[in-house]
Amino acid sequence: MTKAMLIINPSSGQEKGLKFEEEATAALKKQHEEVTVKYTEGAGDATRFAEEASFGKYDALVSMGGDGTINESINGLAEKDHKPVFGFVPLGTVNDFARALGIPMDEKKAIGILETANSRSVDIGKIAGERYFMNVLAVGAIAEAVYQVSPEQKSKFGPLAYLIEGARALKDETPFDLSIDYDGKKWEGKAYLVLTALTNSVGGIESFARHADVNDGAFHVFILKEFSLPKVVQLIPDLFKGELKSNEQVEYFTATDMKVDTSLDLVVNIDGDEGVELPFEARLLHNELNVYVPEE
Ligand SMILES: Nc1ncnc2c1ncn2[C@@H]1O[C@H](COP(=O)(O)OP(=O)(O)OP(=O)(O)O)[C@@H](O)[C@H]1O
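Residues numbered from 1 in each chain as written. Predicted model: local features only at pLDDT ≥ 70, side-chain atom pairs only at ≥ 80, totals over all residues. Heavy atoms only, no water.

- An unreviewed UniProt entry lists the protein chain under the name Sphingosine kinase, with Salimicrobium humidisoli given as the organism.
- Here is the UniProt Sequence similarities (unreviewed entry) comment for the protein chain, exactly as written: "Belongs to the diacylglycerol/lipid kinase family." (UniProt positions renumbered as here; feature names shortened; annotations may be inferred.)

Structure representation (structure tokens):
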């Protein structure tokens, strides 16, 4: 008998989750004889439920929520002996993972993908200390500004709210000393921001790492170096053209293993939420999860 678990974060995306519960359950019932529904109440619940699905040998785990809920779910599946196929219905503001996988923002269409049960493998990142991420690690004032974005700003400006707060933070920021040991090499210098992307979409901007794919076996590392104001303006067109990696204010390289340290006491932003303190080490887990995606 095949079984699926559906995790719903009732608070995500202005409480849209419960509205689509019936439809999602019906879609899963087309593929699975048993469907168990779990509701999160706070931080850590989605991870706990996903662990239950792994240990209980569920065939599929589907989460309905924003990137926070998806990150938590992935944290319960990574490196387990049995990993259910993972699916999700994006309900957040940014939904980077959905953008990277071509999963529609329209809930009904995203639920439709669950019926076809078409899947592909994806890479995820692991930070020493058993934290996993599927989209992005970021360090610097811009990354920290993300926590200041209010729900009101998010509903008014959407993903742009993060760009506005980020630009505001950069204005008063001084650079920090950054060192990154990666794949037997080292980068050292002054920086304002270091960002490690696993997919093309960062902060809702799908052109951010245009060339990155969800299972290309690489972390895409972007360092915003010390800059002059007139030149930094050029970052914006390059960002939207997908040419950030060639901008002269940006250092770009790929890595599979990295250790990041800074001269300041900074906290790394993991998939949009506050994570561990620096220094941190991160390692790429190639093709770690199997995820439901639209048919080509
Ligand atoms: N029942 C609940 N009520 C309130 N908060 C919850 C509940 N269940 C989970 N949470 C919290 O929701 C957070 C995750 O939210 P998520 O990112 O999925 O949605 P979102 O905030 O709407 O998305 P976005 O940040 O993209 O706007 C977790 O930090 C978790 O603690």
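The discussion continues.
1. Details of the domain arrangement of the protein chain
Step number 1: What the domain assignment reports for the protein chain is domain 1 (3–123 + 288–292) and domain 2 (136–286).
Step number 2: Where domain 1 abuts domain 2, roughly 1600 Å² becomes buried across the two surfaces, and 49% of that area is made up of carbon and sulfur atoms.
Step number 3: Taken as a group, T93, R99 and D123 account for 38% of the area that domain 1 buries against domain 2, more than any other trio of residues on that side.
Step number 4: Our count for the contact surface shared by domain 1 and domain 2 stands at two salt bridges.
Step number 5: R99 is the salt-bridge partner of E206, the closest N and O atoms lying 3.1 Å from each other.
Step number 6: Counting across the domain 1 and domain 2 interface gives 14 residue pairs in polar contact (both at pLDDT 80 or more).
Step number 7: If one sorts the elements of the side of domain 1 that touches domain 2 by residue count, helix α5 (residues 96–101) sits on top with five residues.
Step number 8: Across the side of domain 1 that touches domain 2, the residue classes tally to five nonpolar, five polar and six charged. (Domains from an automatic or database assignment. Buried area = accessible area lost by both parts, 1.4 Å probe. Salt bridge = Lys/Arg side-chain N within 4 Å of Asp/Glu carboxyl O. Polar contact = N/O pair within 3.5 Å; in protein donor to acceptor, adjacent residues only side chain to side chain. Helix = DSSP H or I, 4+ residues; strand = E, 2+ residues; numbered from the N terminus. Nonpolar A, V, L, I, M, F, W, Y, C, P; charged D, E, K, R; others polar.)

2. A closer look at the nonpolar core
Step number 1: Among the nonpolar cores identified, the biggest contains 47 residues, and I74, F88, L101 and I124 are the most heavily contacted of them.
Step number 2: At five residues, strand β1 (residues 3–8) tops the list of elements feeding residues into this core.
Step number 3: Residues contacting I74, with those up to four places away along its chain left out, are F86, F97, I124, Y132, M134 and L289.
Step number 4: Membership of the second largest hydrophobic core comes to 26 residues, among which are L137, L178, F219 and A255. (Core = buried A, V, L, I, M, F, W, Y, C linked by side-chain atoms within 4.5 Å. Buried < 20%, exposed > 50% of the residue type's maximum accessible area, 1.4 Å probe, protein only. Contact = heavy atoms within 4.5 Å.)

3. Observations concerning the pattern of salt bridges
Step number 1: Evaluated as defined, the whole model comprises 16 salt bridges.
Step number 2: The shortest N-O distance in the salt bridge between K190 and D177 comes to 2.9 Å. Of this pair, K190 sits in strand β9 (residues 185–197) while D177 is found in strand β8 (residues 176–182), placing the two residues 13 residues apart along the sequence.
Step number 3: Classification of K190 by relative accessible area gives partly exposed; the value is 39%.
Step number 4: The partly exposed category is assigned to D177, whose relative accessible area is 38%.
Step number 5: Through salt bridges that share partners, E79, K126 and E130 make up one connected network.

4. Notes on the pairing of strand β13 (residues 267–270)
Step number 1: Residue alternation in β13 divides its side chains into two sets, V267 and N269 and V268 and I270, and both sets are buried.
Step number 2: Pairing of strand β7 (residues 136–140) with β13, which is carried by two bridges, proceeds in the antiparallel orientation. Its bridge partner being in β13, L137 is matched across the sheet by I270.
Step number 3: Note that β13 and strand β14 (residues 273–277) share three bridges and pair antiparallel. In the strand pairing of β14, I270 is matched with D273. (Pairing = 2+ DSSP bridges.)

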